[in-house]
Amino acid sequence: MELWYALRVRSNFEKVVQSALRNHGLDEFLPLYETVSRWSDRTKRVDWPLFPGYVFGRFDAANRLPVLMMPGVVRILGSSAGPIPVDHEELQAVRRSIESGLPLMPWPYLAVGDRVVVEDGALAGLEGVLVRLKNRLRIVVSVNLLQRSVAAEINRSRVRPVTPLAARAPQCRNHKATAAQPANSLNPR
């Protein structure tokens, strides 16, 4: 069965691997964001990978050798038991963020924080973590397998809190569910 997997690639080989996947007839996804690069004599708008060093590919894990043999591919993310597919909802959240047309930027991975859901607009229904950067609010969407995140600007009036994870988790007899406390270093100001 063909699922989406994260490929670790050599530095600056993201577009090479994307092209190789496409040439082999495989679905590929290389999320990019636009930024302004400044040199001493000029500035230019350039596209950079949202997740440097990673490309997503859709293929059958049982037939992964051709993917591993592609120039620039280092490995397929997974465990000793084999490749681990990327969570479909996380990948869709990244796609929706890109398709929204809102300004995007890479963001440090956040494991804890206040989860929110967007109520209206281009990102309606999207869940993520709300953070503040330079007096602007952003919703951060994470891909747990990569431990990478993407941040999109958002208006506070468009989001509402999501029920805390501890309140949604089923209670076990001998275990007590607790909500993780956000670390100050994870919430940039």
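Numbering of residues starts from 1 in every chain and runs along the sequence as written. Totals for whole chains, interfaces and linings use every residue, but because this is a predicted model, local features are given only for residues with pLDDT of at least 70 and side-chain atom pairs only at 80 or more, for both listing and counting. The side-chain values count all of the structure's non-hydrogen atoms but skip hydrogen atoms and water molecules.

**Considering the sheet that holds strand S9 (residues 104-107)**
Here's step 1: Should DSSP find at least two bridges between two strands, the strands are regarded as paired. Helix and strand definitions follow DSSP, with helices as H or I runs of at least four residues and strands as E runs of at least two, each counted in order from the N terminus. In spatial order, the strands read S9-S13-S12-S11-S10-S14; together these 6 strands make up an open sheet with antiparallel pairing. Edge positions in the sheet fall to S9 and strand S14 (159-161), since each has one partner strand and no second. Across the sheet, the mean angle separating the axes of adjacent strands is 45° when strand polarity is ignored.
Here's step 2: Pairing geometry for strand S10 (residues 115-118) and strand S11 (residues 127-133), over 3 bridges, is antiparallel. Looking across to S11, one finds that Val 117 is bridged to Glu 127.
Here's step 3: When checking whether two residues touch, look at their non-hydrogen atoms; a contact exists if any pair is within 4.5 Å. Structural elements are reduced to axes, namely lines fitted to C-alpha atoms, with helices fitted over the stretch in contact, and the angle between N-to-C directions of any two is expressed from 0 to 180 degrees. Contacting S9 and strand S12 (136-143), helix H3 (residues 88-99) runs over the sheet at an angle of about 140° to S12.

**What about the pairing of strand S3 (residues 32-38)?**
Walk down a regular strand and you will see the side chains alternate between the two sheet faces.
Here's step 1: Sheet topology places S3 next to strand S4 (residues 43-49); 7 bridges connect them, and they run antiparallel. When the bridges of S4 are listed, Tyr 33 appears paired with Trp 48.
Here's step 2: Taking the residues that link successive antiparallel strands as the turn, the S3-S4 hairpin has 4 residues.

**Re helix H1 (residues 14-23)**
Here's step 1: With a 1.4 Å probe rolled over the protein chains alone, any residue whose accessible area is under 20% of its type maximum counts as buried; one over 50% counts as exposed, and the rest are partly exposed. Inspection of H1 places Glu 14, Val 17, Gln 18, Ala 20 and Leu 21 among the buried residues, and these make up the whole buried set. The buried residues of H1 occupy one face: seen down the axis, they fall within an arc of 165°.
Here's step 2: For H1, the secondary structure elements touched by its buried residues are strand S1 (2-9), strand S2 (27-29), S4, strand S5 (54-60), helix H2 (65-68) and strand S6 (73-76).
Here's step 3: At the exit of H1 stands Gly 25, carrying a positive phi of roughly 75°. The arc refers to the directions leading from the helix axis to the C-beta atoms.

**Some thoughts on the nonpolar core**
Here's step 1: Judged by nonpolar contacts, the single largest core of 28 residues is most densely connected at Phe 51, Phe 56, Leu 146 and Ile 154.
Here's step 2: Mapped by element, the contributors of at least two residues to this core are S1, S5, H3, S10, S12 and strand S13 (148-153).
Here's step 3: If sequence neighbours within four positions are ignored, Ile 154 has contacts with Val 118, Leu 123, Leu 130, Leu 137, Arg 138, Ile 139 and Val 159.
Here's step 4: What we call a nonpolar core is a set of buried Ala, Val, Leu, Ile, Met, Phe, Trp, Tyr and Cys residues that are connected through their side-chain atoms within 4.5 Å. In this structure, Val 17, Ala 61, Val 67 and Met 70 belong to the second largest nonpolar core, which totals 15 residues.

**Points about the pairing of S12**
Here's step 1: Most of S12 is tucked away: 7 of the 8 residues are buried.
Here's step 2: Alignment of S11 against S12, held across 5 bridges, turns out to be antiparallel. When the bridges of S12 are listed, Val 129 appears paired with Val 140.
Here's step 3: Counting the residues that bridge the hairpin from S11 to S12 gives 2 residues, and of these Lys 134 lies at a positive phi of roughly 50°.
Here's step 4: Sheet topology places S12 next to S13; 6 bridges connect them, and they run antiparallel.

**Digging into the sheet that holds S2**
Here's step 1: The strand order S2-S5-S1-S6 describes an open sheet built from 4 strands, whose pairing is antiparallel. Of all the strands in the sheet, the pair left with one neighbour each is S2 and S6. Taking each pair of neighbouring strands and ignoring which way they run, the sheet shows an average axis angle of 35°.
Here's step 2: Where S1 lies against S5, 7 bridges are found, and the strand directions are antiparallel. Directly across from Tyr 5, in S5, lies its bridge partner Gly 57.
Here's step 3: Taken strand by strand, H1 contacts S1, S2, S5 and S6, and its axis lies near 15° from that of S5.
Here's step 4: Those strands touched by H3 are S1, S2 and S5, and its axis lies near 65° from that of S2.

So far we have only geometry, and geometry alone does not tell us how the molecule works.
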